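# Descriptive structure summary
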Amino acid sequence: MNPQEFFDLVRARRTQLVMDVEKVVDSATIEQLCTAAIWAPNHQLTWPWVFAVFTGESRRRLGEAAADAMQARGDAEMKVAKTRTKYLRAPAIVVVGSLPGESELQTEENRDAVAAGIQNMLLGATSLGLASFWSSAPKGANEAIGSVCGFPSGTHITGVLYFGWPARDPNPGERPPAAITWFD
Ligand SMILES: Cc1cc2nc3c(=O)[nH]c(=O)nc-3n(C[C@H](O)[C@H](O)[C@H](O)COP(=O)(O)O)c2cc1C
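Residues numbered from 1 in each chain as written. Predicted model: local features only at pLDDT ≥ 70, side-chain atom pairs only at ≥ 80, totals over all residues.

### Quick look at the overall build of the protein chain
A count of helices and strands for the protein chain gives six helices and five strands. For the protein chain, the succession of helices and strands along the chain, N to C, is α-β-α-β-α-α-β-α-β-α-β. For 184 residues, the compact-globule formula gives about 16 Å, and the C-alpha radius of gyration of the protein chain, at 17 Å, lands near that figure. The 184 residues of the protein chain split such that 33% are buried. Taking all contacts inside the protein chain whose residues are at least 6 apart in sequence as the whole, residues at least 24 apart take part in 82%. (Helix = DSSP H or I, 4+ residues; strand = E, 2+ residues; numbered from the N terminus. Rg over C-alpha atoms; globule rule 2.2 N^0.38 Å. Buried ≥ 20, exposed ≤ 12 C-beta atoms within 10 Å, placed from the backbone. Contact = placed C-beta atoms within 7 Å.)

### Re the site of the ligand
By nearness alone, every residue bordering the ligand is listed as Arg14, Thr15, Trp134, Ser135, Ser136 and Gly173. Residue composition of the shell around the ligand, grouped by class: one nonpolar, four polar and one charged. (Near = placed C-beta within 6 Å. Nonpolar A, V, L, I, M, F, W, Y, C, P; charged D, E, K, R; others polar.)

### Some words on the nonpolar core
In this structure, Ala66, Ile93, Val94, Val96, Ile145, Leu161 and Phe163 are the most contacted members of the largest nonpolar core, which totals 42 residues. Elements with a contribution of two residues or more to this core: α2 (27–37), β2 (49–54), α3 (58–72), β3 (92–98), α5 (104–127), β4 (131–135), α6 (142–149) and β5 (156–166). (Core = buried A, V, L, I, M, F, W, Y, C linked by C-beta atoms within 7 Å.)

### Some points on the environment of Ala81
Relative to the helices and strands, Ala81 resides in helix α4 (residues 77–85). Given 13 C-beta atoms within a 10 Å radius, Ala81 is considered partly exposed. Sequence separation between Ala81 and Val10 is 71 residues; the distance between their C-alpha atoms is 35 Å.

### Details of the packing of α3 against α4
Direction vectors running N to C along α3 and α4 enclose 165°, while the axes themselves pass 7 Å from each other. Between α3 and α4, the angle falls in the class roughly antiparallel. Crossing angle aside, the handedness with which α3 passes α4 is right-handed. Packed against α3, whose contacting residues are Gly63, Glu64, Ala66, Ala67, Met70 and Gln71, the element α4 presents Lys79, Val80, Thr83, Arg84 and Thr85 at the interface. (Axes fitted to C-alpha atoms, helices over the stretch in contact; angles between N-to-C directions. Parallel < 35°, antiparallel > 145°, perpendicular 65-115°, else oblique. Left-handed = near helix turned anticlockwise from the far one by under 90°.)

### Here we look at unusual backbone geometry
The phi angle at Gln44 is positive, at roughly 65°, despite the residue not being glycine. Along the polypeptide, Gln44 turns up in the loop between α2 and β2. Although it is not a glycine, Leu45 sits at a positive phi angle of roughly 40°. The topology assignment puts Leu45 in the loop between α2 and β2. Judged by the 7 C-beta atoms lying within 10 Å of it, Leu45 falls in the exposed class.

Structure representation (structure tokens):
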């Protein structure tokens, strides 16, 4: 890849949820994406990332767990119902968690490292022609999702990632210019 191809790839990555739900993303590809994540910068080499992959019917279990947590906290019925099935919108869902650190600062830096890792995954997906979508855990459902994933208690769900083959071209998107202050 030449430098221009790299910068084009960064711009080509767009949030894209319109996917062919019937077309499988094979497990070797998912493993490759998770491996890309673990090469992100990681202060104190804490290896803070944990991954759980949901395909097939397991996607429904993930949605049910999140929806039950939302229902328990009194969320609106329509929102809860939508959550029950929302992970069926992609053939593969990867939940990426960030483990708690030994101090507040380390926990924060763990989360930063995991977020950087997720960007590696999204760029890797784009390079393979896959559509991707980074979502947060629904409010109040962090522990419920972590528990379905088998993550240790206190793990922060940094992303619930949707991956699949795109069913249409993504919106090219617009960005304001980078705000840069130069010092000399
Ligand atoms: C930490 C994080 C959490 C996000 N959570 C959600 C989410 O819950 N729902 C959603 O629609 N998009 C979510 N997004 C995606 C952003 O909305 C998206 O990146 C933004 O609209 C810019 O679009 P682009 O990715 O195509 O550049 C999240 C992004 C990040 C970085």
